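# Coordinate inspection notes
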Amino acid sequence: MRLDAPRLSRLRWLVHGLAVLPLLWLPWGFAAGHFSADPVPELLHYLGIWALRLLLLTLCISPLAKRLRLGPLVRLRRAVGLWCFAYASLHLLAWVLLDLQLAWGLIGEEIVKRGFITLGMASWLVLLLLAITSTQGWQRRLGRRWQKLHNWIYPAVLVVCVHFWWSVKSGWIEPLVYLLAALFLLSLRRDKLARLRR
Amino acid sequence: MHIKIRKKSALAEHQVTPEHIYLQRRRIIQGLGLGAAALSLPAGASVLDRLLGNQEPEVVAGGGQTPLNFERPEAYQPALTPTAEKVATSYNNFYEFGTDKSDPVRYAQGLKTRPWTIAIDGEVDKPQTIDVWAWLEKQRLEERIYRHRCVEAWSMVIPWMGVPLASIIKAAGPTSRAKYVAFETLYDPEQMRGQASRYVGGGIDYPYVEGLRIDEAMNPLSLLTVGMYGKTLPNQNGAPVRLVVPWKYGFKGIKSIVRISLTEHQPPCTWNLLASYEYGFYANVNPNVDHPRWSQASERVIGEGGLFGSQRQPTLMFNGYEEEVASLYAGMDLRKFY
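Residues numbered from 1 in each chain as written. Chains lettered and ligands numbered in written order. Predicted model: local features only at pLDDT ≥ 70, side-chain atom pairs only at ≥ 80, totals over all residues. Heavy atoms only, no water.

### A word on the overall build of chain B
When helices and strands are counted, chain B shows 11 helices and 12 strands. Taken across its 338 residues, chain B has 56% of its residues classed as buried. Pairs at least 24 apart in sequence give 72% of the contacts found in chain B among residues at least 6 apart. By element, 53% of the accessible surface of chain B is carried by carbon and sulfur atoms, the whole surface being about 15100 Å². (Helix = DSSP H or I, 4+ residues; strand = E, 2+ residues; numbered from the N terminus. Buried < 20%, exposed > 50% of the residue type's maximum accessible area, 1.4 Å probe, protein only. Contact = heavy atoms within 4.5 Å. Areas by Shrake-Rupley, 256 points an atom, 1.4 Å probe, with all protein chains shown as cover.)

Here you go:
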């Protein structure tokens, strides 16, 4: 199969359609009682886990494109990445607005004092930078440095996994599954990562 | 003459949000225009209700609780508005039935609480096994409206029914070697799915165990609890007998107790065993000592649910019971003994 422009465009719409589903589900999730009497921590977790899933999905795209010999597939990566950033931002927003209720002193203190929140903030800042520079204009302007900047996603995905693991009260199986997935996706890039180290 | 002594821990009338302001808050949120948008959806009305917390979570109806006879000692009737019953009985940490807050109400209904016995042993002159339901008949139950503060930084206000823990300990005749009181929850993997599967049960080694120092256990506030909201305890809240120690984090309030042992040495506690760095033996509510992963200086007061249903308020030292219990810890470094 060849991935021509119309097909790619349909695929892109499919990506948008699927990525928005977890958000559309939320009101129904509430109506159906999937959230408890204290829904804020659960909403936080829900938004965070979808950000992580989409982050892992962005890392699936280039190995998949190589495997399937479908080069243009890579052009979907920006859409998925921006959705990941959107969920991560909602996750952060829910924490600031609903959990800490705009208590700025406490928010600042928590970011500095809690290692896992520091890590979460750091990875959100990386995602923010990557989202801003995701346009073709920025790609042109940054030239070779663009790729260098966007390679930050590799440490960021590990940091996000640690953020998740560190944040749970008990039970390490779920965070472990995500960490293993991240390590697997990074291992597919070991040649590239080895080159980067040099 | 009727003399009313107000405890320091009781909120004064002016500190309680007047109902009309409380209702106003809700109307303001509704007025934000969210209403119009959401109501245009087919499921809109209930979605809106859920988001704003107008509709309380459904709870398994009935649950087989029976009404209790109890007294209302003035000292334990603070001017606090109890959390809605449906919230307090559908939002529980009881890992024996799953780690999700909604798991206990869903999976605890089959727990057989009749018959039920509690063994009292260890450093006592009169070791005994109590038939809970027969024992209950002979007790003078008190209603006590206590603040309930979870280590996860949320809080509720709950009217409990019970007897002072001290009474049952005294009846067993503690020896001079009794320095601590150890508690144990039922171990029955066939009834408790979290005990049958490490994944469901959050990786905890069961049975759940807890402990108090004997002077903490003998403090008048420590309540051996058999009911809430005027009825026997629902299973998800620890039927038929649980512990309530209101100046400590909620996890000290061990549920569905089957054994009370008096010991010479400090007994193990489940959360302390699982993560001693995060959960100490004392677990006193203390706004000045943070949990390693979050601040304990403030708490989310759980309202009637919904995204805007909780409010943040400062946490009080010893959960507001400083006057009654601070002397127990005189001279102790509460950062070390957290």
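### A closer look at the sheet that holds strand β2 (residues 128–131) of chain B
All names here are of chain B. Taken in spatial order, the five strands of this open sheet run β2-β1-β10-β5-β6, and their pairing is mixed. Two strands lie at the open edges of the sheet, namely β2 and β6 (209–213), each paired on one side alone. Going across the sheet, the axis of each strand differs from the next one's by a mean of 20°, ignoring polarity. In terms of strand pairing, strand β1 (residues 117–122) meets strand β10 (residues 257–263) through four bridges, oriented parallel. Looking across to β10, one finds that G122 is bridged to L262. (Pairing = 2+ DSSP bridges. Axes fitted to C-alpha atoms, helices over the stretch in contact; angles between N-to-C directions.)

### Details of the nonpolar core
Residues L165, F183 and W247 of chain B are the most contacted members of the largest nonpolar core, which totals 84 residues. The greatest single-element share of this core, amounting to six residues, is contributed by strand β4 (residues 154–164) of chain B. Apart from residues lying up to four places away in sequence, W247 of chain B is in contact with E216, N219, L221, S222, N284, V285, F318, N319, Y321, V325, L328 and Y329 of chain B. Membership of the second largest hydrophobic core comes to 63 residues, among which are V15, L55, L100 and V160 of chain A. (Core = buried A, V, L, I, M, F, W, Y, C linked by side-chain atoms within 4.5 Å.)

### Quick word on the UniProt feature "transmembrane region" (unreviewed entry) in chain A
Residues and elements named next belong to chain A. Following the UniProt record, the feature "transmembrane region" (unreviewed entry) maps to residues 12–31, 43–61, 82–104, 116–137, 149–166 and 172–188 here. What you have in residues 12–31 is 100% helix and 0% strand, and the ends, taken at the C-alpha atoms, are 30 Å apart. Between the end C-alpha atoms of residues 116–137 there is a gap of 34 Å, over a span that is 86% helix and 0% strand. (UniProt positions renumbered as here; feature names shortened; annotations may be inferred.)

### Comments concerning the packing of aromatic side chains
For the structure shown, the criterion picks out 19 aromatic pairs over all chains. Measuring from centroid to centroid gives 4.9 Å for F94 of chain B and F97 of chain B, while their planes differ by 85°, and the two rings are edge-to-face. Counting every residue linked through ring pairs, the aromatic cluster contains Y180, F281, Y282, F318, Y329 and F337 of chain B. The ring centre of W138 of chain A lies 4.6 Å from the NZ or CZ of R141 of chain A, which sits over that ring. Taking the ring centre of W133 of chain B as reference, the NZ or CZ of R114 of chain B above it sits at 3.7 Å. (Phe/Tyr/Trp six-rings, centres within 6.5 Å; stacked < 30°, edge-to-face > 60°. Lys NZ or Arg CZ within 6 Å of the ring centre and 35° of its normal.)

### Brief notes about the pattern of salt bridges
Across all of its chains, the model carries 20 salt bridges over all chains by this definition. Two residues, R300 of chain B and D99 of chain A, come together in a salt bridge whose shortest N-O distance is 3.3 Å. Highlighted residues: R300 of chain B in strand β11 (residues 298–302) and D99 of chain A in helix α3 (residues 77–99), drawn from two different chains. Take R300 of chain B and D99 of chain A: they sit in the same class, and that class is buried. (Salt bridge = Lys/Arg side-chain N within 4 Å of Asp/Glu carboxyl O.)

### Quick look at the UniProt feature "binding site: Mo-molybdopterin" (unreviewed entry) in chain B
All names here are of chain B. Look at the UniProt record and you will see "binding site: Mo-molybdopterin" (unreviewed entry) annotated at N92, Y95, E96, C150, T185, N237, R242, G253, I254 and K255. From the set just named, the residues that line the largest cavity comprise N92, Y95, E96, C150, T185, N237, R242, G253, I254 and K255. In this fold, N237 is placed in the loop between β8 (231–232) and β9 (242–244). The contacts of N237, once residues within four sequence positions are left out, are A88, T89, N92, M228, R242 and K255. Engagement of the side chain of N237 in a polar contact is seen with the backbone oxygen of A88, the distance being 3.0 Å. By the secondary structure assignment, G253 is in the loop between β9 and β10. In contact with G253, not counting residues within four places along its chain, are R242 and L243. (1 Å grid on protein atoms, 1.4 Å probe; cavity = no way out; pocket = protein on both sides within 12 Å on 5 of 7 lines; lining within 4 Å. Polar contact = N/O pair within 3.5 Å; in protein donor to acceptor, adjacent residues only side chain to side chain.)

### Concerning the UniProt feature "domain: Oxidoreductase molybdopterin-binding" (unreviewed entry) in chain B
When the UniProt feature table is mapped onto this chain, "domain: Oxidoreductase molybdopterin-binding" (unreviewed entry) is found at residues 113–271 of chain B. Between the first and last C-alpha atoms of residues 113–271 of chain B the distance is 25 Å; the span itself is 16% helix and 36% strand.

### Let's talk about the packing of helix α2 (residues 39–68) of chain A against α3 of chain A
Residue and element names in this part refer to chain A. For the pair α2 and α3, interaxial distance at closest approach is 8 Å and the crossing angle is 160°. Here α2 is positioned roughly antiparallel relative to α3, judged by the angle of their axes. The element α2 and its partner α3 pack so that their crossing is left-handed. Of the residues belonging to the contact of α2 with α3, the class tally is 19 nonpolar, five polar and two charged. (Parallel < 35°, antiparallel > 145°, perpendicular 65-115°, else oblique. Left-handed = near helix turned anticlockwise from the far one by under 90°. Nonpolar A, V, L, I, M, F, W, Y, C, P; charged D, E, K, R; others polar.)

### Concerning empty space enclosed by the protein
Residue and element names in this part refer to chain B. Following the criterion strictly, the structure yields four cavities of 30 Å³ or more and no others. In this structure, the largest cavity occupies an estimated 390 Å³ of space. Along the wall of the largest cavity there are 28 residues; nearest its centre are N93, F94, G250, F251 and K255. Element by element, the count of residues in the lining of the largest cavity is highest for β4, at four residues. When its residues are assigned to classes, the lining of the largest cavity shows 17 nonpolar, seven polar and four charged. (Points joined across faces, edges and corners; volume = space filled by probe spheres on them.)

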